[in-house]
Amino acid sequence: MGTSSGKVLPEPSKNGYFCLINSVVNFKKQETDKENCKEKQQAWLWRRRSDRRASRRAISEEVKESVHLEERMTNPNAKFRAKFDPRVTARYDIKALIGSGSFSRVVRAEHRRTRQPFAIKLLEVKGREGHEACQSELGVLRRVNHCNVIRLAEVFETQYRVYLVLELATGGELLERVIARGTFRERDATKALMMVSSGLRYLHTLGVIHRDLKPENLLYYHPGQDSRLIITDFGLACWENKTTVSFQSRGDTAVMTQDADFDSVDVEKSCQAKDWAVRTLCGTPEYLAPEMLARRPCSSAVDMWALGVITYILLSGSLPFDQSSRPRLFRAILRGSYSFHGDPWKSVSSLAKSFIDRLLTLEPEHRMTAEETLKHPWLVSMAACSSNKNLHRSISRNLQRRASRASSRCPSSGSTPGSRISMRSGSRLGSGPRLGLSDRSQCQKIAA
Ligand code: PIT
């Protein structure tokens, strides 16, 4: 490193030296050869200059290469920078990798002209399946505009990659913040849930079902106390069929049937039976609604079930359905068998428990809607009449316990069922599993 093209010059070609010596020797003696040699000299000088230029180019390439190598060794971000289309890098300065999976990466970037920060999600799209999944995600993102839902600024598409320029959320995941605080009371839970419910009410009114609601998909916009909470990751989202979309079992294959007029293209693209496999085979089944497991009609109520699971976690640091094997876990979900036993449930108000019960209701038609959650007395009062007990110690202890159990069961992937209270960056719990982006992308691969 540090080689400068001015100091280390390339060896001139033998021909070049030969011509020079030749011309010096003969210069005075043979006037007649003067013109001849002049031409040769010029040719040599030209060659020498071009040799030098070529060598300089070679050196500068070498220097560049070694700079790249060193950058790659010292800066892990250099590798993914190369993955960006020049159109994207012309407009955005790629700063750092903030999340990655098998087919997607999220980077922090800065708009070169306005200096405004953004998150760019890079999706590797392969084959028809990949394109369709991506178009469906894009279709949803292009239409949403709400303070509790991630906003899309622009999109760049190439044959094999799609770049989603999104608003940048820097406040961390919901559970990260719970852990980071010294205190956590029911009131704090209601604040967060109000924002999620508000985002969900908006999505459901629009006809969007998120279908992958979990704590790691809920990000704070900024690190301040008053930050809004944002719903992200629409990779499994679909448009709700206002009539009925049902899955009928035909042997091993589930077939989607639809009753009446609706935007069949979108629904067909996203609400396919294969999504069931995606969610159950390698997704996060702890948040799956019973009707999804039973392959019954799927509606926005599946998000409300997931919100019930999230509320349970938020107040206790543990999962309502926490069986160590998938068959047992699925059975528990299908029966709706959960309890409020153990720490810290004794200290949690019955209003909060009623909120959870109204969400973890087996029949989707009887489950609270997003609109109804916002009218539930626990949320409306912001837990004013509820327990003011600091639940922080029990919550973090339960989360910590789960993280260490998960990592001892499956140290590398953390993909054992029952291990899924995850934080994308896992910074606080250290050994906790990291799902989120990587998990979903992997599933799309398996399902395709
Ligand atoms: C951020 C910060 C961050 C992740 C994201 C955004 C990801 C957002 C996202 C991911 C999706 C999607 C929509 C948004 O469909 O750490 O600002 O898969």
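For every chain, the first residue of the written sequence is number 1, and numbering continues from 1 along that sequence. In keeping with the predicted nature of the model, local features appear solely for residues at pLDDT of at least 70, side-chain atom pairs appear and are counted solely at 80 or more, and the whole-chain, interface and lining totals rest on all residues. The basis for every side-chain value is the complete set of heavy atoms in the structure, and neither hydrogens nor water enter the calculation.

Draft legend 1. Layout of the UniProt feature "binding site: ATP" (unreviewed entry) in the protein chain. Under the UniProt annotation, the feature "binding site: ATP" (unreviewed entry) is placed at Lys121. The helix count covers DSSP runs of H or I at least four residues long, the strand count covers runs of E at least two residues long, and both are numbered beginning at the N terminus. Residue position: Lys121 is located in strand β3 (residues 117-124). Among the residues examined, Lys121 registers a relative accessible area of 5% and is labelled buried. A polar contact is formed between the side chain of Lys121 and the side chain of Glu137, at a distance of 3.0 Å. UniProt positions are given in the numbering used here, feature names are shortened, and annotations may be inferred rather than shown by experiment. A simple rule labels every residue: compare its accessible area, found with a 1.4 Å probe on the protein chains alone, to the largest value its type can have, and call it buried under 20%, exposed over 50%, or partly exposed in between. Side-chain atoms alone can form a polar contact between residues adjacent in sequence; in general such a contact is a pair of N or O atoms within 3.5 Å, and within protein one must be able to donate a hydrogen while the other accepts it.

Draft legend 2. Examining the nonpolar core more closely. Nine residue types can take part in a nonpolar core, namely buried Ala, Val, Leu, Ile, Met, Phe, Trp, Tyr and Cys, and a core is a set of them joined through side-chain atoms within 4.5 Å. Ranked by internal contacts, the top residues of the largest apolar core, which has 81 residues, are Leu200, Phe234, Leu314, Leu315 and Trp378. Counting residues per element, this core draws most heavily on helix α11 (residues 301-316), which supplies eleven residues. Filtering out sequence-adjacent residues up to four positions away, Trp378 remains in contact with Glu186, Ala189, Thr190, Leu193, Thr311, Leu315, Ser349, Leu351, Ala352, Phe355, Ala383 and Ser386. Listed in part, the 13 residues of the second largest apolar core include Val88, Tyr92, Ile94 and Ile120. Two residues form a contact once any of their heavy atoms are found within 4.5 Å.

Draft legend 3. Just helix α7 (residues 186-206), in detail. With 21 residues, α7 ought to run about 30 Å at 1.5 Å a step, and its terminal C-alpha atoms sit 30 Å apart, in line with that. Gly207, located one to two residues past α7, shows a positive phi value of around 95 degrees. Each residue after the first adds 1.5 Å to the expected span of a helix.

Draft legend 4. The sheet that holds strand β2 (residues 104-111), seen in detail. DSSP calls a pair of strands paired once it identifies at least 2 bridges connecting them. With antiparallel pairing, the five strands of this open sheet are ordered in space as β1-β2-β3-β5-β4. Edge positions in the sheet fall to β1 (92-100) and β4 (152-157), since each of these pairs with one other strand and no more. The mean inter-strand angle of the sheet, taken between neighbouring strand axes irrespective of direction, is 25 degrees. As judged from the seven bridges shared by β1 and β2, these two strands associate in the antiparallel manner. Bridging from a neighbouring strand, Asp93 pairs with Glu110 of β2. Lines fitted to the C-alpha atoms define the axes, with helices restricted to the stretch that makes contact. Angles between their N-to-C directions range from 0 to 180 degrees. Along the sheet, helix α5 (residues 127-143) contacts β3, β4 and β5 (161-167); its crossing angle with β4, the most-contacted strand, is approximately 150 degrees.

Draft legend 5. Summary view of the site of the ligand. Neighbouring residues are identified by heavy atoms, a residue being near a molecule or strand if any of them is within 4 Å of it. In the vicinity of the ligand lie 16 residues, with Lys121, Glu137, Glu167, Ala169 and Phe234 positioned nearest. At 2.3 Å from an oxygen atom of the ligand is found a side-chain nitrogen or oxygen belonging to Lys121. Glu167 places a polar main-chain atom, nitrogen or oxygen, 2.8 Å from an oxygen atom of the ligand. The protein chains shown are the only cover counted for residues, whose accessible areas, like all others here, come from Shrake-Rupley with a 1.4 Å probe. A total of 430 Å² of accessible area belongs to the ligand in isolation, and the protein chains cover 96% of it. Those elements giving two or more residues to the shell around the ligand turn out to be β3, α5 and β5. Its residues assigned to classes, the shell around the ligand shows ten nonpolar, two polar and four charged. Charged means Asp, Glu, Lys or Arg here, nonpolar means Ala, Val, Leu, Ile, Met, Phe, Trp, Tyr, Cys or Pro, and polar covers whatever is left, Gly included.

Draft legend 6. Layout of the pattern of salt bridges. When a carboxyl oxygen of Asp or Glu lies within 4 Å of a side-chain nitrogen of Lys or Arg, that pair is called a salt bridge. In this structure the tally under the stated criterion is 17 salt bridges. The salt bridge partner of Arg115 is Glu110, with a shortest N-O separation of 2.0 Å. Overall, Arg115 belongs to the partly exposed group, its relative accessible area being 46%. Exposure remark for Glu110: the relative accessible area of 18% places this residue in the buried category. Residue Lys214 is joined to Asp212 by a salt bridge in which the shortest nitrogen-to-oxygen separation is 3.7 Å. Judged by relative accessible area, Asp212 falls into the buried class, the value being 3%. It is possible to trace a salt-bridge network through shared partners that takes in Lys83, Glu124 and Arg161.

Draft legend 7. Summary view of the packing of aromatic side chains. Only the six-membered ring of Trp is used, alongside the rings of Phe and Tyr, when aromatic pairs are assigned; centres must lie within 6.5 Å, and planes under 30 degrees apart are stacked while those over 60 apart are edge-to-face, with the rest tilted. By the definition in use, this model includes eleven aromatic pairs. An angle of 40 degrees between the planes, with centres 5.4 Å apart, marks the rings of Phe84 and Tyr163 as tilted. With Phe84 in the loop between α3 (77-81) and α4 (86-91) and Tyr163 in strand β5, the pair connects residues that are 79 residues apart, well separated along the chain. Ring geometry for Tyr312 and Phe340: centres 5.9 Å apart, planes at 20 degrees, overall stacked. Placement of Tyr312 in helix α11 and of Phe340 in the loop between α12 (326-335) and α13 (350-359) is noted, with a sequence separation of 28 residues between them. Classification of Tyr312 by relative accessible area gives buried; the value is 4%. Through successive ring pairs, a cluster of aromatic residues spans Trp305, Tyr312, Phe321, Tyr338, Phe340 and Trp345. For a lysine, the NZ atom is tested; for an arginine, the CZ atom; a charge sits over a ring if that atom is within 6 Å of the ring centre and within 35 degrees of the ring normal. Over the ring of Tyr220 we find Arg177, and its NZ or CZ is 3.8 Å from the ring centre. Its guanidinium or amino end placed over the ring of Tyr221, Arg228 lies 4.0 Å from that ring's centre, counting from NZ or CZ.

Draft legend 8. Seen up close, the environment of Gly207. Along the chain, the position of Gly207 falls in the loop between α7 and β6 (208-209). We classify Gly207 as buried; its relative accessible area is 3%.

Draft legend 9. Fine view of the pairing of β2. Among the eight residues in β2, seven count as buried, and that is most of the element. The antiparallel pairing of β1 with β2 creates a hairpin that spans three residues between the two strands. Between β2 and the antiparallel strand that follows it, β3, lie five residues; Arg115 among them carries a positive phi value of about 65 degrees.

Draft legend 10. Molecular detail of the side chain of Ser316. On the secondary structure map, Ser316 appears in helix α11. Exposure remark for Ser316: the relative accessible area of 0% places this residue in the buried category. Within polar-contact distance, the side chain of Ser316 engages the backbone oxygen of Tyr312 at 2.7 Å.

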